[in-house]
Amino acid sequence: MVFEHIGPMIFFTLLNHLLCKRKLQAASLLLIVGSFYGNLVYALDPHKSFGQYVHQTWQTQDGLPQNTVTAIAQTGDGYLWLGTPAGLVRFDGVRFTVFNKRNTNTIRNNSVTSLQTGKDGSLWIGTAGGLLRMSGGEFATYGAHDGLPSESITCLRASRDGSLWIGISGGGIVRWQDGKLTAYTTQQGLRSNAVSALYEGDDGSLWIGTDQGVNRLKDGKFSFYGLESGMSDLDGMSFLEDSDGSLWIGTDGGGIDRLRNGRFTIYSLKQGLLDKDIWSFCKDRDGNLWCGTIGGGLARFQDGKFISYTTTDGLSSDYVLSLFEDREGSLWIGTRGGGLNRLKDGSITTYTKKDGLTNEDVKCVYESSDGSLWFGTEGGGLNRLKAGRFSAFTRKDGFLNETVYSIFEDWDGTLWTGAGEKGVCKIKNGVFSTMTTRPALSDADVRTIHRSRDGSLWLGTNNASAVSEARQRDSQQSSAKASTGALLIQPFEGSRG
């Protein structure tokens, strides 16, 4: 292979002057995926890692009255409603509006414990000092004078028949239907009056979490599940029914118990959970299961195990109290002490070491004809992303160097790479070949590669302005003209060659 060394190209001089003043490094790799979905709505892509979602956080400095978010709901007008210990909050995506004792006479207690939207579009608000209903922009309050056994509301569940189930601290459960209250306590068969969670199954069953196990109310009769039934812990803190009919039960110290066909399967630390206190569940529109832990962050169930997202990944707190998927498919996360978080899919996808990239200092990106994305890194060799998975070529694999500054694919599928200061490494049919020294190269530090229309391969180097692989012309090879000087950043071929 014969090369000729061409003189300096003046139009690169300015680029050299500007870019050599500082070394540009990428903390991570960002790929702009230019996808437009119109009005279609998607859940979070389960094939992405947590770091690849668009993540936003809102706290007191952004307008929240308190950094603990106990409950989340969305009303028909699109507003997001948040429960906090400092009042009820309405969020329009930009501004927070707070409703509390100071500005709303009907609110008697600022500590909001639960939120539910009713079949009629109203918003039910459970507080530590009574029950509130917001309809048509007006609040109404309900308490002991309306027949509630206690005003300390722990949980709410709106039923499909329009009724509302109310969990009372030490007072069992109450059904509110058409203004009529029906109470259920240990006298009616409830295992304990200390109720922590309510959930309505697809068959109309009401699942009740207490400090003494889980009750199921169906057709007016109670059944019970506890340690003797196979549960890992008696405290039922959260529920979620899956599409296969199984019931996921979050416990306070035992992990997750999955009830299917009358038998329990326990998911705990060995299955990927980072904490065994599970206080919230969410199933997105694609059927993905999410759970919030008290101390172990957010977890997603995938391929039979849980994958966690914590403060080390950017979550504002590892104490997740509430989860909610909005109409756009975004996942909202209410935390203790960390404010409000949102995860959503976006047009920018980030790849880091957690996704398989060998080094986050990426020097160049190239898409080959088979759809693979190739990344040259500083210290991690050559990386390839295909079908969502990374593979790498380093010295251990026979590659020339751990640093790659340039990548180019030839017409026959040959991949040319500028391997740092070691020369050029060519990959064809999985076989490596190299060019490292004279006479093939005048300078081994190849920064850019280009094939021109006449078939010449141009190599831009650090100390020689350009190097080209000459073609055979009339059985005579082009003469060489050596020159050194400016750093060549990128060659460009005009319309006239």
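Being a predicted model, the structure only gives us computed values, none of them experimental.

What counts, and at which threshold
Residues numbered from 1 in each chain as written. Predicted model: local features only at pLDDT ≥ 70, side-chain atom pairs only at ≥ 80, totals over all residues. Heavy atoms only, no water. 1 Å grid on protein atoms, 1.4 Å probe; cavity = no way out; pocket = protein on both sides within 12 Å on 5 of 7 lines; lining within 4 Å. Points joined across faces, edges and corners; volume = space filled by probe spheres on them. Helix = DSSP H or I, 4+ residues; strand = E, 2+ residues; numbered from the N terminus. Buried < 20%, exposed > 50% of the residue type's maximum accessible area, 1.4 Å probe, protein only. Pairing = 2+ DSSP bridges. Axes fitted to C-alpha atoms, helices over the stretch in contact; angles between N-to-C directions. Polar contact = N/O pair within 3.5 Å; in protein donor to acceptor, adjacent residues only side chain to side chain. Contact = heavy atoms within 4.5 Å. Phe/Tyr/Trp six-rings, centres within 6.5 Å; stacked < 30°, edge-to-face > 60°. Lys NZ or Arg CZ within 6 Å of the ring centre and 35° of its normal. Nonpolar A, V, L, I, M, F, W, Y, C, P; charged D, E, K, R; others polar.

Trainee: I would appreciate a short explanation of the layout of surface pockets in the present structure.
Mentor: Gaps between atoms show up when a probe of the same size as a water molecule is rolled over them. Counted as a void, the largest pocket has a volume near 1,400 Å³. Lining the largest pocket are 43 residues, and of these Leu115, Gln116, Arg157, Phe281 and Leu323 sit closest to its centre.

Trainee: Could you clarify how one ought to interpret the environment of Gly78 in this entry?
Mentor: Looking at the secondary structure, you find Gly78 in the loop between strand E4 (71-74) and strand E5 (80-84). The exposure class assigned to Gly78 is partly exposed, which follows from its relative accessible area of 33%.

Trainee: Would you take a moment to explain the sheet that holds strand E37 (residues 415-418) for this structure?
Mentor: Backbone hydrogen bonds hold the strands of a sheet together, and the pairing may be parallel or antiparallel. Ordered in space as E36-E37-E38-E39, the 4 strands form an open sheet in which the pairing is antiparallel. Each end of this open sheet is capped by a strand with a single partner; those strands are strand E36 (406-409) and strand E39 (431-435). Geometrically, the sheet is characterised by an average inter-axis angle of 20° between neighbouring strands, direction not taken into account. Alignment of strand E38 (residues 424-428) against E39, held across 5 bridges, turns out to be antiparallel. When the bridges of E39 are listed, Lys426 appears paired with Ser433.

Trainee: Mind showing me how you'd approach the sheet that holds strand E11 (residues 138-142) here?
Mentor: Taken together, the 4 strands give an open sheet; going across it, the order is E8-E9-E10-E11, and neighbouring strands pair in antiparallel fashion. Whereas interior strands pair on both sides, the edge strands pair on one side only; in this sheet they are strand E8 (112-117) and E11. Taking each pair of neighbouring strands and ignoring which way they run, the sheet shows an average axis angle of 20°.

Trainee: Just checking my understanding: could you explain unusual backbone geometry for this structure?
Mentor: Where the residue is not glycine, phi is negative for most of them; where a peptide bond is considered, it is trans in most cases. Positioned with a positive phi, Asp178 is a non-glycine residue whose angle comes to about 55°. Examined against the element boundaries, Asp178 turns out to sit in the loop between strand E14 (172-177) and strand E15 (180-184). A positive phi angle, near 55°, is found at Asn429, a position not held by glycine. You can see Asn429 is positioned in the loop between E38 and E39. In this structure Asn429 comes out as exposed when scored by relative accessible area, which is 76%.

Trainee: Would you take a moment to explain the side chain of Lys48 for this structure?
Mentor: Tracing the backbone through its elements, the reader meets Lys48 in the loop between strand E2 (29-32) and strand E3 (54-58). Taking the relative accessible area as the measure of exposure, Lys48 reaches 13% and is therefore buried. A polar side-chain atom of Lys48 sits 3.2 Å from a polar atom in the side chain of Asp345. When near neighbours in sequence (up to four residues on either side) are disregarded, Lys48 contacts Tyr53, Arg300, Asp345, Gly346 and Thr349.

Trainee: Looking at this model, I keep getting lost on the packing of aromatic side chains. Mind explaining?
Mentor: For any pair of aromatic rings, the description consists of the separation of the ring centres together with the inter-plane angle of the planes. Inspection of every chain in the model, using the stated rule, returns 28 aromatic pairs. With centroids separated by 4.5 Å and ring planes inclined at 70°, the aromatic side chains of Tyr142 and Trp176 adopt a geometry described as edge-to-face. Here the residue Tyr142 occupies a position in strand E11, and Trp176 occupies one in strand E14, the gap between them amounting to 34 residues. The same class applies to Tyr142 as to Trp176, namely buried. Through a chain of ring-to-ring contacts, three or more aromatic side chains come together here, namely Phe50, Tyr53, Trp290 and Tyr309. Looking at Arg90, its charged tip hangs above the ring of Tyr79, at a distance of 4.6 Å from the centre. Directly above the ring of Tyr405 sits Arg447, whose terminal nitrogen or CZ lies 4.1 Å from the centroid.

Trainee: Please explain the side chain of Asn67 as it appears in this structure.
Mentor: With respect to the helices, strands and loops of the structure, Asn67 is situated in the loop between E3 and E4. Not counting the four nearest positions on each side in its chain, Asn67 is found in contact with Gln59, Thr60, Thr335, Arg336, Gly337, Gly338 and Gly339.

Trainee: Looking at this structure, how should I read empty space enclosed by the protein?
Mentor: In total, this model carries 1 cavity of 30 Å³ or more according to the counting rule given. Here the largest cavity defines a volume of roughly 30 Å³. The wall of the largest cavity is formed by Thr106, Arg108, Asn109, Thr127, Gly129, Gly130, Leu131, Leu132 and Thr141. Among the elements that make up the lining of the largest cavity, the one with the highest residue count is strand E10 (residues 130-135) (3 residues). For the lining of the largest cavity, the per-class residue count stands at 2 nonpolar, 6 polar and 1 charged.

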